[in-house]
Amino acid sequence: MKRRRLPSLSALRAFEAAARHESAKQAALELSVTATAISHQVRGLETALGMTLFVRKPRQLELTPRGRELQQVLESSFDAISHAIERLSDVPERQTVTLTTTPVVAVRWLLPWIYRLRESHPDIDLRIHATHEPVSLDDLTADMAIRHGDGHWPGLIAEKLFDTTLIPACGPGLVQRLGEDVAAYPLIHFRPQGVVISPMDWPGYQKKAGMSELNTGAGLAFSDENHAIAAAVGGQGVVLMNRQLIEDELADGRLVQPFGPELEDRAFFLAYPENRRHDPTLSAVKTWVMAVSQQATS
């Protein structure tokens, strides 16, 4: 790599200022040094370069031809550096927000709309933390959460996103084969690990619905809702799922409701710490999540 042969940058800066003002005194005022310091820097530069840069007159510095050539190069170079620094300083500082939620909400509800957050706030880097386990909103693990529950979490503001209902759902082929024989339908269970509030399961559904036909002790079991839904679409059984999370499959017929009833379930909330109520970055992400909520439930 070729090494640059450059004299002292301080001397070059002192010379450029003195040449532009044609005065060591004015250059000293600009650079917050003494006129004597400017004169020493310039003389040291002339010695290092082996050339005279100024013709010194009683109250004025007059550039020599070589001095003029060097002054033009330095002025252009310092201007380019200044403009580059201004341009880089105008780049907004990037902000990172970690949003924690369940895998099914992350995959089915958030991911399709992340491009809107990027378009409206390109300076925000969103990190999605997908888990069924409760996560502390302490700036270390996560900043915000989409939670399923009653909306009462100490120290947190919880803003409702949408209400949910639970329905049984399966592939249409299963309905064609089994018809109205409810007891014949194999069940698919969703059993997440590490949750504080467990979702309604098949035994709870059967009790609340006043049914007795279902064999709630048998069937496939998954710890991830996405896998349970995929198994239902694949004809492996009936899954008990929030209607709002399987709207696409219901709309295009990949899933149907083989029997009822449809039951009310807990709502989804966006939660964040009370002491960050006015955080502008969190407010931007909140606005995006609310917009996604309206889009998903419209």
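A brief look at the structure comes next. (Residues numbered from 1 in each chain as written. Predicted model: local features only at pLDDT ≥ 70, side-chain atom pairs only at ≥ 80, totals over all residues. Heavy atoms only, no water.)

Before going further, it helps to spend a moment on the sheet that holds strand 6 (residues 156–169). Taken in spatial order, the 8 strands make up an open sheet running 4-3-5-10-6-9-7-8, and their pairing is mixed. The sheet is open, and its two edges are formed by strand 4 (124–130) and strand 8 (220–222), each paired on a single side. Each neighbouring strand pair of the sheet contributes to a mean axis angle of 25 degrees, computed without reference to strand direction. Both strand 6 and strand 10 (residues 263–273) contribute to a ladder of 9 bridges, which runs antiparallel. Bridging across to strand 10, Thr 165 finds its partner in Glu 264. (Pairing = 2+ DSSP bridges. Helix = DSSP H or I, 4+ residues; strand = E, 2+ residues; numbered from the N terminus. Axes fitted to C-alpha atoms, helices over the stretch in contact; angles between N-to-C directions.)

So, on to the environment of Asn 275. Tracing the chain through its elements places Asn 275 in the loop between strand 10 and helix 11 (280–297). Placed 153 residues apart in sequence, Asn 275 and Pro 122 show a C-alpha to C-alpha distance of 25 Å.

This part covers the packing of helix 2 (residues 24–31) against helix 3 (residues 35–49). In the contact formed by helix 2 and helix 3, the axes pass within 8 Å of each other and the chain directions differ by 105 degrees. In terms of axis orientation, helix 2 runs roughly perpendicular to helix 3. Here helix 2 contributes Ala 24, Lys 25, Ala 27, Ala 28 and Leu 31 to the contact with helix 3, which in turn contributes Ala 35, Ile 38 and Ser 39. Broken down by class, the residue content of the contact of helix 2 with helix 3 amounts to 6 nonpolar, 1 polar and 1 charged. (Parallel < 35°, antiparallel > 145°, perpendicular 65-115°, else oblique. Contact = heavy atoms within 4.5 Å. Nonpolar A, V, L, I, M, F, W, Y, C, P; charged D, E, K, R; others polar.)

So, about the packing of helix 1 (residues 9–21) against helix 3. Put simply, helix 1 and helix 3 touch, their axes get as near as 8 Å, and they point 110 degrees apart. When the axis of helix 1 is compared with that of helix 3, the two are roughly perpendicular. The handedness of the crossing between helix 1 and helix 3 is left-handed. Contacts from Ser 10, Ala 11, Leu 12, Ala 14, Phe 15 and Ala 18 of helix 1 reach helix 3 at Ile 38, Gln 41, Val 42 and Leu 45. Of the residues contributing to the contact of helix 1 with helix 3, the split by class is 8 nonpolar, 2 polar and no charged. (Left-handed = near helix turned anticlockwise from the far one by under 90°.)

Within helix 9 (residues 225–233), the full set of buried residues consists of Glu 225, Asn 226, Ala 228, Ile 229, Ala 231 and Ala 232. Residues of helix 9 that are buried make contact with helix 5 (103–110), strand 6, strand 7 (187–190), strand 8, strand 9 (238–242) and helix 10 (247–251). Between the side-chain oxygen of the N-cap and the backbone nitrogen of Asn 226 there are 2.7 Å, and the N-cap of helix 9 in question is Asp 224. Once helix 9 ends, the next one or two residues include Gly 235, with phi positive near 85 degrees. (Buried < 20%, exposed > 50% of the residue type's maximum accessible area, 1.4 Å probe, protein only. Polar contact = N/O pair within 3.5 Å; in protein donor to acceptor, adjacent residues only side chain to side chain.)

Let us now look at the side chain of Glu 46. In this fold, Glu 46 is placed in helix 3. The buried category is assigned to Glu 46, whose relative accessible area is 11%.

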